[in-house]
Structure formats: C-alpha cells, structure tokens
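This is what each chain is made of:
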Amino acid sequence: MSKHSFASVWDAVEDTPGAAENMKLRSALMMALEQHIRGQGWTQAEAAHRLNVTQPRISDLLRGKVHLFGLDTLVNMVVAAGMRVEMQIASAA
C-alpha cells in the first residue's frame, strides 16, 4: 500500500485539480458565511431574510453541505451579508 500526501482533503477526494480548487473556494466562502452569521447572532430565519435565501438553505449552509452550493450563489450570499470577496491567483507549485 502506498502513502499519498495531499495539501487539502479536496485534492484527495476530487477527480481533477480544477474540481478540487472549486471545492476549496466553495468551502472557504461557506465557512466565512457561517462565522459571519454566528458572529452577528442571527437566527436561521433572520440570516435567510438578510441573505435573500430560504431558511432551509441557511440550514444546509450551517451543516456544511458544500455540494448544494455553487460559487455564484455563495458570492451573492457573501455580498448580501455585507461582506466582500477578494481573490488572489498564483502559479501552481
């Protein structure tokens, strides 16, 4: 049995580097939203209202169901929360 080392769990479970990078971005946005929602002390209903989504979507977000959210949706939610996204692109190592 050979051992493999990965920089991220997404690198280990996704089929392509592009898919892994997409999941890294989605999970980072979800974690930022979760921290913001909890930091503001919002209920799920209040967060849903403020982020223009349904309460079940907030529940999915807080439960970490990353496969249910696309990048566009998450960016829209971040902006609705009064936050902004910054992006940095670098050469692959």
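For clarity, every value in this text was computed on a predicted model and none was experimentally measured.

Calculation rules
- Residues numbered from 1 in each chain as written.
- Predicted model: local features only at pLDDT ≥ 70, side-chain atom pairs only at ≥ 80, totals over all residues.
- Heavy atoms only, no water.
- Helix = DSSP H or I, 4+ residues; strand = E, 2+ residues; numbered from the N terminus.
- Buried < 20%, exposed > 50% of the residue type's maximum accessible area, 1.4 Å probe, protein only.
- Contact = heavy atoms within 4.5 Å.
- Axes fitted to C-alpha atoms, helices over the stretch in contact; angles between N-to-C directions.
- Parallel < 35°, antiparallel > 145°, perpendicular 65-115°, else oblique.
- Left-handed = near helix turned anticlockwise from the far one by under 90°.
- Nonpolar A, V, L, I, M, F, W, Y, C, P; charged D, E, K, R; others polar.
- Phe/Tyr/Trp six-rings, centres within 6.5 Å; stacked < 30°, edge-to-face > 60°.
- Lys NZ or Arg CZ within 6 Å of the ring centre and 35° of its normal.
- Salt bridge = Lys/Arg side-chain N within 4 Å of Asp/Glu carboxyl O.

This next bit is on the overall build of the chain. When helices and strands are tallied, the chain shows five helices and zero strands. The helix and strand sequence of the chain, counted from the amino end, reads α-α-α-α-α. Counting across all 93 residues of the chain, residues that qualify as buried make up 28%. When contacts within the chain are restricted to residue pairs at least 6 apart in sequence, those whose partners lie at least 24 apart make up 52%.

Direction vectors running N to C along helix 2 (residues 17-40) and helix 5 (residues 71-80) enclose 25°, while the axes themselves pass 10 Å from each other. Classed by the angle they form, the pair helix 2 and helix 5 counts as roughly parallel. In this structure, the crossing between helix 2 and helix 5 has a hand that is left-handed. On helix 5, the residues that touch Asn22, Leu25, Arg26, Leu29, Met30 and Leu33 of helix 2 are Leu71, Leu74, Val75, Met77 and Val78. Across the contact of helix 2 with helix 5, the residue classes break down as nine nonpolar, one polar and one charged.

The next point concerns the environment of valine 85. Positionally, valine 85 belongs in the segment after helix 5. The sequence separation of valine 85 and leucine 29 amounts to 56 residues, and the corresponding C-alpha distance is 8.5 Å. Aside from chain neighbours lying at most four places away, what touches valine 85 is Leu29, Val75 and Val78.

What follows concerns the packing of aromatic side chains. Counted under the stated rule, the structure contains zero aromatic pairs. Its guanidinium or amino end placed over the ring of phenylalanine 69, arginine 57 lies 4.0 Å from that ring's centre, counting from NZ or CZ.

Using the criterion set out here, one finds five salt bridges in the structure. As a salt-bridge pair, glutamate 46 and arginine 50 come within 3.1 Å of each other at their nearest N and O atoms. Placement of both glutamate 46 and arginine 50 in helix 3 (residues 44-51) is noted, with a separation of four residues, approximately one turn of the helix. A relative accessible area of 41% means that arginine 50 is categorised as partly exposed. A salt bridge links glutamate 86 to arginine 84, with the shortest nitrogen-to-oxygen separation between them at 2.6 Å. According to the relative accessible area criterion, glutamate 86 is exposed, its value standing at 62%. Judged by its relative accessible area of 66%, arginine 84 falls in the exposed class.

What follows deals with the side chain of arginine 26. Within the secondary structure layout, arginine 26 lies in helix 2. Not counting the four nearest positions on each side in its chain, arginine 26 is found in contact with Val66, His67, Phe69, Gly70, Leu71 and Leu74.

That is the geometry; function is a separate question.
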